Amino acid sequence: MLESTFRTGLLNGKTAFVAGGTSGINLGIAEAFARYGARVAVMSRKQQKVDDAVAHLAQWDEHACGYAADVREYAAVEQALGDFHTKVGAIDIVVSGAAGNFLAPASQLSANAFRTVVEIDLLGTFHVMRAAYALLRKPGASLINISAPQSTTVSFGQVHASAAKAGVDMVTKSLAVEWGAEGVRVNAIVPGPIDDTEGMARLAPTPAARKAVQASCPLGKFGGIEDIAGLALFLASDAGQYMTGTVTYCDGGQVLTMAGALSPSAVQQMLAQGA
Ligand code: HXC
Ligand code: NAP
């Protein structure tokens, strides 16, 4: 009964493009895709990070490739996706996970700083989705955006990320509605606090902040990159074929108790310590 959905090699024969896929959570997602048989490409700004990520991914996909491009530049995104499409044909899976973040109370945030984060996270996500559209396998493609808890829960010092990621959630839902008839699925993942990532190094840089974050999770601990990769695998594969328009939390239950994890006093203290 399940043979048609659960084939051996979950992503065998599939092609996957991961924007922002050269470090942290997104690189973990690209690795999971490659380990399960997909042909993968990653894209980010820095050539060295791209080269290192491609070398890492080549352990599972000897044809892994990478592109140095900024998600804020539509033409560059279009070119990278176009080149991957020329190499591999229709694209089955696209992840949009490039992001920028830092702690800054709104009263100290410049207009350019706010714009920068919105342009990377929100505009960048639309760029990746829009440029991919013509190149997708239809029906069958799965698009995954990487959101953040800040899209729904207010954290002190995070107005820029909150505004951007709330937009990412609505891009996800809007495209799910518009592209569903063509058999294109669009979902978002909301990672909770994930250990050993740039995000946590920036947002929970002190032992006290780490303790508060852990305490805010019903499971009482940070997640690992593999936890987010597992959810991405599910959404990308045919196992998730009836999933679209979802914004799914993978956060140890943190969204249920989030208030106070980044309190005004905790943030002021971290900034005073040079965070
Ligand atoms: C206040 C800051 C700042 C800071 C930069 N700016 N860092 N303002 N506090 N810590 C301001 C600058 O002064 C400038 O404004 C504007 O932002 C643009 O800065 P640039 O350095 O010119 O921008 P750019 O080179 O494009 O770099 C983007 C960046 C950078 C976001 C600022 O940090 C970056 O490249 N980040 C990518 C990696 C990253 O952030 N990873 C973590 C993702 S975690 P002015 O006015 O001076 O011109 C995440 C969510 C995690 O997204 C959620 C966890 C729960
Ligand atoms: P990370 O390692 O800093 O990953 C960010 C990636 O995006 C890098 O590959 C970076 O490479 C790339 N990037 C940044 N700006 C870019 C731009 N303008 N154009 C193209 N690529 C760009 O951070 P992470 O902590 O793993 O976070 C990954 C994702 O998870 C983000 O979407 C973040 O919002 C989300 N998230 C993380 C956490 C967490 O606990 N860490 C929690 C919730 C949500 P370059 O520097 O080479 O460009």
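The present account deals with the structure reproduced in this document. Everything numeric in this text was worked out from a predicted model, so none of it was measured.

Some thoughts on the overall build of the protein chain
- A count of helices and strands for the protein chain gives 9 helices and 7 strands.
- For the protein chain, whose C-alpha radius of gyration is 18 Å, the value lies close to the compact-globule estimate of 19 Å for 275 residues.
- Reported as C-alpha extents along the three principal axes, the dimensions of the protein chain are approximately 50 × 45 × 35 Å.
- A total accessible area of about 12,200 Å² is found for the protein chain, and carbon and sulfur atoms account for 56% of it.
- Measuring between centres, the 20 positive side-chain charges of the protein chain sit 2 Å from its 23 negative side-chain charges.

Considering the site of ligand 2
- Close to ligand 2 lie 31 residues, the nearest being Ser23, Ser44, Arg45, Gly97 and Thr197.
- A distance of 2.9 Å is found between a nitrogen atom of ligand 2 and a side-chain nitrogen or oxygen belonging to aspartate 70.
- With respect to ligand 2, the backbone of glycine 192 contributes an N or O atom lying 3.4 Å from an oxygen atom.
- Taken by itself ligand 2 offers 880 Å² of open surface, and the protein chains cover 92% of this.
- At the level of secondary structure, the elements contributing two or more residues to the shell around ligand 2 comprise helix H1 (24-35) and helix H6 (198-203).
- Of the residues assigned to the shell around ligand 2, the class counts are 13 nonpolar, 11 polar and 7 charged.

Considerations on unusual backbone geometry
- The peptide bond linking lysine 138 to proline 139 adopts the cis configuration, its omega dihedral lying at 0°.
- Residue placement: proline 139 occurs in the loop between helix H4 (111-133) and strand S5 (142-146).
- If you check the backbone angles, aspartate 196 has positive phi at about 60° while not being a glycine.
- With respect to the secondary-structure elements, aspartate 196 resides in the loop between strand S6 (185-191) and H6.

Looking at the site of ligand 1
- Close to ligand 1 lie 18 residues; Arg45, Asn101, Ser110, Asn112 and Arg202 are nearest.
- In the model, an oxygen atom of ligand 1 is placed 2.8 Å from a nitrogen or oxygen of the arginine 45 side chain.
- Separating an oxygen atom of ligand 1 from a side-chain N or O atom of asparagine 112 is a distance of 2.9 Å.
- In the complex, 61% of the free accessible area of ligand 1, which totals 1,100 Å², lies under the protein chains.
- Going through the elements one at a time, H4 and H6 are the ones with two or more residues in the shell around ligand 1.
- Sort the elements by how many residues they give to the shell around ligand 1 and H6 lands first, with 5 residues.
- Here the shell around ligand 1 is built from residues that sort into 7 nonpolar, 7 polar and 4 charged.

Reading the values: the criteria
- Residues numbered from 1 in each chain as written.
- Chains lettered and ligands numbered in written order.
- Predicted model: local features only at pLDDT ≥ 70, side-chain atom pairs only at ≥ 80, totals over all residues.
- Heavy atoms only, no water.
- Helix = DSSP H or I, 4+ residues; strand = E, 2+ residues; numbered from the N terminus.
- Rg over C-alpha atoms; globule rule 2.2 N^0.38 Å.
- Areas by Shrake-Rupley, 256 points an atom, 1.4 Å probe, with all protein chains shown as cover.
- Lys, Arg positive; Asp, Glu negative; His and termini not counted.
- Charge placed at Lys NZ, Arg CZ, Asp CG, Glu CD.
- Near = heavy atom within 4 Å.
- Polar contact = N/O pair within 3.5 Å; in protein donor to acceptor, adjacent residues only side chain to side chain.
- Nonpolar A, V, L, I, M, F, W, Y, C, P; charged D, E, K, R; others polar.

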